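Breakdown of the fold
If you want the building blocks of each chain, they are given just below.
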Amino acid sequence: MKKGLLIAVSGFSGAGKGTLMKKLMDECPDDFALSISATTRQPREGEKEGVEYFFKTKEEFEEMIDAGELIEHAVYVGNYYGTPKKFVDEQRESGKDVLLEIEVQGVLQVKEKFPDTVTVFVTPPTISELRKRLTGRGTEDAETIEKRIERAAEEVRYAYDYDYLLINDDIDKAIADLRDIVSAEHQKEENRTDVVKRLQDELGGKK
Ligand code: 5GP
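The structure presented is a predicted model; accordingly, all values stated were derived computationally and were not measured.

Basis of the calculations
Residues numbered from 1 in each chain as written. Predicted model: local features only at pLDDT ≥ 70, side-chain atom pairs only at ≥ 80, totals over all residues. Heavy atoms only, no water. Buried < 20%, exposed > 50% of the residue type's maximum accessible area, 1.4 Å probe, protein only. Helix = DSSP H or I, 4+ residues; strand = E, 2+ residues; numbered from the N terminus. Pairing = 2+ DSSP bridges. Near = heavy atom within 4 Å. Polar contact = N/O pair within 3.5 Å; in protein donor to acceptor, adjacent residues only side chain to side chain. Areas by Shrake-Rupley, 256 points an atom, 1.4 Å probe, with all protein chains shown as cover. 1 Å grid on protein atoms, 1.4 Å probe; cavity = no way out; pocket = protein on both sides within 12 Å on 5 of 7 lines; lining within 4 Å. Sits in = over half its atoms within 2 Å of the grid points. Axes fitted to C-alpha atoms, helices over the stretch in contact; angles between N-to-C directions. Contact = heavy atoms within 4.5 Å. Core = buried A, V, L, I, M, F, W, Y, C linked by side-chain atoms within 4.5 Å. Salt bridge = Lys/Arg side-chain N within 4 Å of Asp/Glu carboxyl O.

**Remarks on the pairing of strand 7 (residues 97–101)**
Among the 5 residues in strand 7, 4 count as buried, and that is most of the element. Note that strand 1 (residues 6–11) and strand 7 share 4 bridges and pair parallel. In the sheet register, Val 9 faces strand 7, and the bridge partner there is Glu 101. As paired elements, strand 2 (residues 32–34) and strand 7 share 3 bridges and run parallel to each other. The partner of Phe 32 across the bridge, within strand 7, is Asp 97.

**Quick notes on the site of the ligand**
Close to the ligand lie 16 residues, the nearest being Ser 37, Arg 41, Tyr 53, Tyr 81 and Glu 103. One of the side-chain N or O atoms of Tyr 81 is found 2.6 Å from an oxygen atom in the ligand. For the ligand, a nitrogen atom lies 2.7 Å from a polar atom in the side chain of Glu 103. Protein burial of the ligand: of its 500 Å² of free accessible surface, 95% is covered by the chains. Among the cavities detected, the one that contains the ligand is the largest pocket.

**Some points on the sheet that holds strand 6 (residues 79–84)**
Pairing within the open sheet is mixed, and its 4 strands lie in the order 4-3-6-5. The strands lining the two open edges of the sheet, one partner per strand, are strand 4 (53–55) and strand 5 (70–76). On average, each strand axis in the sheet is inclined to that of its neighbour by 25 degrees, with strand direction left out of account. Here 3 bridges tie strand 3 (residues 37–39) to strand 4, and the two strands are oriented parallel to one another. Bridge assignment links Thr 39 to a residue of strand 4, and that residue is Phe 55. On the sheet, helix 2 (residues 58–66) packs against strand 3, strand 4, strand 5 and strand 6 and is oriented at approximately 40 degrees with respect to strand 6.

**Description of the sheet that holds strand 2**
The 5 strands lie next to each other as 2-7-1-8-9, forming an open sheet whose pairing is parallel. This sheet does not close on itself; its edge strands, each paired only once, are strand 2 and strand 9 (164–167). Averaged over all pairs of adjacent strands, the angle between strand axes in this sheet comes to 25 degrees, irrespective of strand direction. Sheet strands touched by helix 1 (residues 17–27): strand 1, strand 2, strand 7, strand 8 (118–123) and strand 9. Its angle to strand 7, the strand with the most contacts, is close to 160 degrees. Against the sheet, helix 3 (residues 85–93) engages strand 1, strand 2 and strand 7, with an angle of about 150 degrees to strand 7.

**Notes on the nonpolar core**
In this structure, Ile 7, Leu 20 and Phe 32 are the most contacted members of the largest nonpolar core, which totals 40 residues. Top element by residues in this core is helix 7 (residues 171–203). It accounts for 5 residues. Aside from chain neighbours lying at most four places away, what touches Phe 32 is Ile 7, Leu 24, Met 25, Lys 96, Asp 97, Leu 99 and Val 182.

**Re the pattern of salt bridges**
Tallied over the entire structure, the rule returns 19 salt bridges. With a shortest N-O distance of 3.1 Å, Asp 172 and Lys 23 are connected by a salt bridge. One end of the pair, Asp 172, is in helix 7; the other, Lys 23, is in helix 1, with 149 residues separating them in the sequence. Given a relative accessible area of 44%, Asp 172 falls into the partly exposed group. The salt bridge partner of Lys 147 is Glu 143, with a shortest N-O separation of 3.8 Å. With Lys 147 and Glu 143 both in helix 6 (residues 142–155) and 4 residues apart, the pair spans about one turn of that helix. What makes Glu 143 exposed here is its relative accessible area of 55%. A network of salt bridges, in which partner residues are shared, links Arg 41, Arg 44 and Glu 47.

Structure, rendered in structure tokens:
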């Protein structure tokens, strides 16, 4: 059984990453596993424990850090966010590609630990579209929206460091693009290992 890929997806809050991940999981539940993060932020209306996040107190979160239970963690707009290690390891071992929906500081940590991580930065086509989506969501007050836009200005500088940039204008097109990326990354891996080995075996000794 081949170990699954680790795919880290980042992008501005309001870029549509959440919807993208959910739709991808609905379309191919056998191929992907979506990591559920721990956070100290308050649940938004409709969010459930263990579905969107594992909601923790600051103390509980810090205990998880100390116990080495997180692959990475970061502070984002005043709250802790982190990726539990156990689920990611188990799913990858079972052959599934694991999706992490995390911000840039987390991606840098993950890439350092697992250099093969595939990194994707998702953006709406324009910032005015981003503002429209954040306002339309109706889950955050004006001040938080402004904080998230300010954060976007910081994050955009890191977009160059990602392997892929995905413009999320049309959700179905964005999903198709993401699937193409994953498929290409599998080809890379498979070519390097199995195919080349087999060719070398067949050629055996003939130089
Ligand atoms: P939100 O509060 O909108 O759900 O998430 C805020 C930001 O935190 C988003 O950019 C999201 O991708 C990021 N995030 C969610 N989970 C994690 C995590 O486990 N680690 C890191 N580093 N960022 C996360």
